[in-house]
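Each chain, written out:
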There are 2 protein chains.
Amino acid sequence: MSNQLYAIAEQLEKAIRASSDFQQLKQAYEAVRHDETAYRLFTNFRDVQMRLHEKQMTGAEILPEEVEHAQKAMMLAQQNAKLSQLMALEQRMSMVLADIQQIAMKPLEELYRSFMETE
Amino acid sequence: MSNQLYAIAEQLEKAIRASSDFQQLKQAYEAVRHDETAYRLFTNFRDVQMRLHEKQMTGAEILPEEVEHAQKAMMLAQQNAKLSQLMALEQRMSMVLADIQQIAMKPLEELYRSFMETE
Ligand SMILES: [Ca+2]
Ligand SMILES: [Ca+2]
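This write-up is about the structure you can find in this document. Predicted, not measured: the structure shown is a model, and the values here were computed from it. (Residues numbered from 1 in each chain as written. Chains lettered and ligands numbered in written order. Predicted model: local features only at pLDDT ≥ 70, side-chain atom pairs only at ≥ 80, totals over all residues. Heavy atoms only, no water.)

## Regarding the overall build of chain A
Alright, step 1. Broken down by element type, chain A carries 6 helices and 0 strands.
Alright, step 2. Order of helices (α) and strands (β) in chain A, N terminus to C terminus: α-α-α-α-α-α.
Alright, step 3. Over its C-alpha trace chain A gives a radius of gyration of 20 Å, far above what one expects of a compact globule, namely 14 Å for 119 residues.
Alright, step 4. Here chain A holds 119 residues, and the buried ones make up 35% of them.
Alright, step 5. Partitioning the contacts of chain A with sequence separation of at least 6, the portion at a separation of at least 24 is 63%. (Helix = DSSP H or I, 4+ residues; strand = E, 2+ residues; numbered from the N terminus. Rg over C-alpha atoms; globule rule 2.2 N^0.38 Å. Buried < 20%, exposed > 50% of the residue type's maximum accessible area, 1.4 Å probe, protein only. Contact = heavy atoms within 4.5 Å.)

## Let's talk about helix α2 (residues 20–33) of chain A
Alright, step 1. Here α2(A) contains 14 residues, and its C-alpha end-to-end distance of 20 Å stays within 8% of the 20 Å for a straight helix at 1.5 Å per residue.
Alright, step 2. By the burial criterion, the buried members of α2(A) are Asp21(A), Phe22(A), Leu25(A), Ala28(A), Tyr29(A) and Val32(A). One side of α2(A) holds all its buried residues, which, seen down the axis, span an arc of 120 degrees.
Alright, step 3. For α2(A), the elements touching its buried residues are α1 (3–18), α3 (36–58) and α5 (81–104) of chain A together with α6 (106–117) of chain B. (Expected span 1.5 Å × (residues − 1). Arc of directions from axis to C-beta.)

## As for helix α1 (residues 3–18) of chain B
Alright, step 1. Counted at 1.5 Å a residue, the expected span for α1(B) with its 16 residues is 22 Å, and the 23 Å between its end C-alpha atoms agrees.
Alright, step 2. Buried within α1(B) are the following residues: Leu5(B), Ile8(B), Ala9(B), Leu12(B), Glu13(B), Ala15(B) and Ile16(B). For α1(B), the angular spread of buried residues about the axis comes to 170 degrees, placing them on one side. In this structure, α1(B) carries Asn3(B), Gln4(B), Lys14(B) and Ala18(B) as exposed residues pointing more than 90 degrees from its buried face.
Alright, step 3. The secondary structure elements touched by the buried residues of α1(B) are α1, α5 and α6 (106–117) of chain A together with α2 (20–33) and α5 (81–104) of chain B.

## What to know about the environment of Lys72(B)
Residues and elements named next belong to chain B.
Alright, step 1. Tracing the chain through its elements places lysine 72 in helix α4 (residues 64–79).
Alright, step 2. With relative accessibility at 53%, the residue lysine 72 sits in the exposed group.
Alright, step 3. As a C-alpha pair, lysine 72 and arginine 46 span 26 residues in sequence and 12 Å in three-dimensional space.

## So, the packing of α1(A) against α6(B)
Alright, step 1. Two elements in contact, α1(A) and α6(B), have axes separated by 8 Å at closest approach and are oriented at 50 degrees. As summarised for this structure, α1(A) and α6(B) are arranged oblique, according to the angle between their axes. Contact residues: α1(A) offers Glu13(A), Ile16(A) and Arg17(A), while α6(B) offers Lys106(B), Pro107(B) and Glu110(B).
Alright, step 2. Across the contact of α1(A) with α6(B), the residue classes tally to 2 nonpolar, no polar and 4 charged. (Axes fitted to C-alpha atoms, helices over the stretch in contact; angles between N-to-C directions. Parallel < 35°, antiparallel > 145°, perpendicular 65-115°, else oblique. Nonpolar A, V, L, I, M, F, W, Y, C, P; charged D, E, K, R; others polar.)

Written out as structure tokens, the structure reads:
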């Protein structure tokens, strides 16, 4: 990677770290970490999700009880104020990162599009 | 997204477009587009890949003949000098973009890691 690209990537990293979206997300994680109930609901929800995801990836059978269990864990997590705040901030951060990605990928998208148009 | 993040994303876009990796990739696409044989091999290879990918996504059965056909299309494409050049430059560009992504994602990775470490 060229030095210029590297320098801009590092600037981007610093700007993301300094952004209010990131700082708020960090605070939301800290709030969850210091709240025993929220933290337990979070790790439970994450473990249930990870087990389901693993089964999906390996093509293993997913039982209706497991889907129900996952939905219940999600519902309990969303009912917790600290966790619903965390999830909302996660989603906002994801959108910011997707926007950055979309801008950075424009040159390649244009290249592919103009190549396909010649068919 | 904050104005500062937006401005850096746009700088990144310009730097990618101006990079020698991108410029060489663009030239490689133009070389393929202006070479009838290379272009036909490329579109054939891409169509075969897309059909296989679609089958994988929908869980449809993939016949051994189709795998063979895809391997042959790949081999023919790789034997074409303009296409093997294009594929090598594609791979280099992907690596540059992955490096940028990795740098930009550091703040979030650190956040998740420090959260998990408290378990
Ligand atoms: Ca044409
Ligand atoms: Ca702990």
